[in-house]
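Residue-level structural notes
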Amino acid sequence: QATGLTANTNYSIYVRGICTAGDTSSWAGPLAFYTGYCSSNFTSATFEYLNNVTFGEINNTPGGNVGGPVDYTSQVASVIQGTTHTISVTIQAAGTEYVYVFIDWNHNLALNDPGEEYTVANGVTTAGPFTFDIDVPVDATVGDTSMRVT
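As a convention, each chain's residues are numbered from 1 in the sequence order in which they are written. In keeping with the model being predicted, local features are shown solely for residues with a pLDDT of at least 70 and side-chain atom pairs are shown and tallied solely at 80 or more, while totals for entire chains, interfaces and linings include all residues. Side-chain numbers here rest on the full set of heavy atoms in the structure, without hydrogens or water.

Along the backbone of the chain there are zero helices and eleven strands. Numbering of helices and strands runs from the N terminus; a helix is a DSSP stretch of H or I covering at least four residues, while a strand is a stretch of E covering at least two. Ordered by position from the N terminus, the helices and strands of the chain form the series β-β-β-β-β-β-β-β-β-β-β. A buried classification covers 25% of the 150 residues belonging to the chain. Of the accessible surface of the chain, which amounts to about 9600 Å², a share of 51% is contributed by carbon and sulfur atoms. Exposure categories follow from relative accessible area, calculated using a 1.4 Å probe and restricted to protein chains: below 20% of the type maximum is buried, above 50% is exposed, and the middle band is partly exposed. To measure how exposed things are, a 1.4 Å probe is used in the Shrake-Rupley method; for residues, cover is taken only from the protein chains shown.

Side-chain atoms within 4.5 Å link the members of a nonpolar core, which is a set of buried Ala, Val, Leu, Ile, Met, Phe, Trp, Tyr and Cys residues. Ranked by internal contacts, the top residues of the largest apolar core, which has 19 residues, are I87, V89, V101, I134 and V149. Put simply, the parts of the chain that give this core at least two residues each are β5 (49-55), β7 (84-92), β8 (97-103), β9 (117-124) and β10 (130-135). In terms of residue count, β9 provides more of this core than any other element does, four residues in total. The contact definition used throughout considers only heavy atoms, calling two residues in contact when any of these lie within 4.5 Å. When residues no more than four places from it in sequence are discounted, the contact partners of V89 are L50, N52, V53, V99, V120, A127, P129, F130 and V149.

Glancing now at the pairing of β5. With five of its seven residues buried, β5 lies for the most part within the structure. Sheet topology places β5 next to β7; six bridges connect them, and they run antiparallel. Counted as the bridge partner of L50 is I91 from β7. In terms of strand pairing, β5 meets strand β6 (residues 58-60) through three bridges, oriented antiparallel. Bridge pairing in β6 links F55 to I58. DSSP bridges decide pairing: two strands pair if at least two such bridges lie between them.

An order of β6-β5-β7-β10 is seen for the four strands of this open sheet, with the pairing classed as antiparallel. Single-partner strands in this sheet number two, and they are β6 and β10. Along the sheet, successive strands turn relative to each other by an average axial angle of 20 degrees, direction set aside. The convention used is that axes are lines fitted to C-alpha atoms, helices contributing only their stretch in contact, and that angles between N-to-C directions extend from 0 to 180 degrees.

Here we take up the packing of aromatic side chains. A pair of Phe, Tyr and Trp rings is counted when the ring centres sit within 6.5 Å of each other, with Trp represented by its six-membered ring. The angle between the planes then sorts it: under 30 degrees is stacked, over 60 is edge-to-face, the rest tilted. Applying the stated rule across the entire model yields three aromatic pairs. Pairing Y11 with F33 gives two aromatic rings, centres 5.6 Å apart and planes at 20 degrees, and the pair type is stacked. In this pair, Y11 sits in strand β1 (residues 10-15) while F33 sits in strand β4 (residues 28-34), placing the two residues 22 residues apart along the sequence. A relative accessible area of 23% places Y11 in the partly exposed class. Arranged with centres 6.4 Å apart and planes meeting at 5 degrees, the rings of Y98 and Y100 form a pair that is stacked.

Turning next to the sheet that holds strand β11 (residues 147-149). Overall, antiparallel pairing links the three strands, which are arranged β9-β8-β11 in an open sheet. In this open sheet, the two edge strands, each paired with only one partner strand, are β9 and β11. Ignoring strand direction, the axes of neighbouring strands in this sheet form an average angle of 5 degrees. Bridge count for β8 against β11 is three bridges, and the pairing is antiparallel. Bridging from a neighbouring strand, F102 pairs with R148 of β11.

Omega for the bond connecting G29 with P30 falls within 30 degrees of zero, at 10 degrees, which places this linkage in the cis form. Checked against the element boundaries, P30 lands in strand β4. For the peptide bond that leads from G128 to P129, omega is 20 degrees, which places it in the cis range. Mapped onto the elements of the fold, P129 is located in the loop between β9 and β10.

What follows is the structure, encoded as structure tokens:
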């Protein structure tokens, strides 16, 4: 297990086996990896996109930006452990839609831990807005925390 790595950084690693003292395999590599979140990935935003996301001080209207990935990490909402905040999401619906929110409360770069996934809209056919109350865990890690809305 590699420790002490910097988030959102590209790394290359070489590996080799050590069988006994002085008996090692050849180096293999480099193997490339990234220590951040996987990028959003889409090729079209002409339908089924987010029209607005409001959470705390964030009021973002992306309006179907084509291309991806999109990055709104400069936008910040201040929340406090143990409090509840409402998220509101409006979408461009084009059939039966689902809206999910993922918040990395423990800062481990995984957005699918228990308590970090929220279903804001489930099988809807209208634009919304759809609202959901999000409880900030009392043990949430303090500091900048990433959120993804899909």
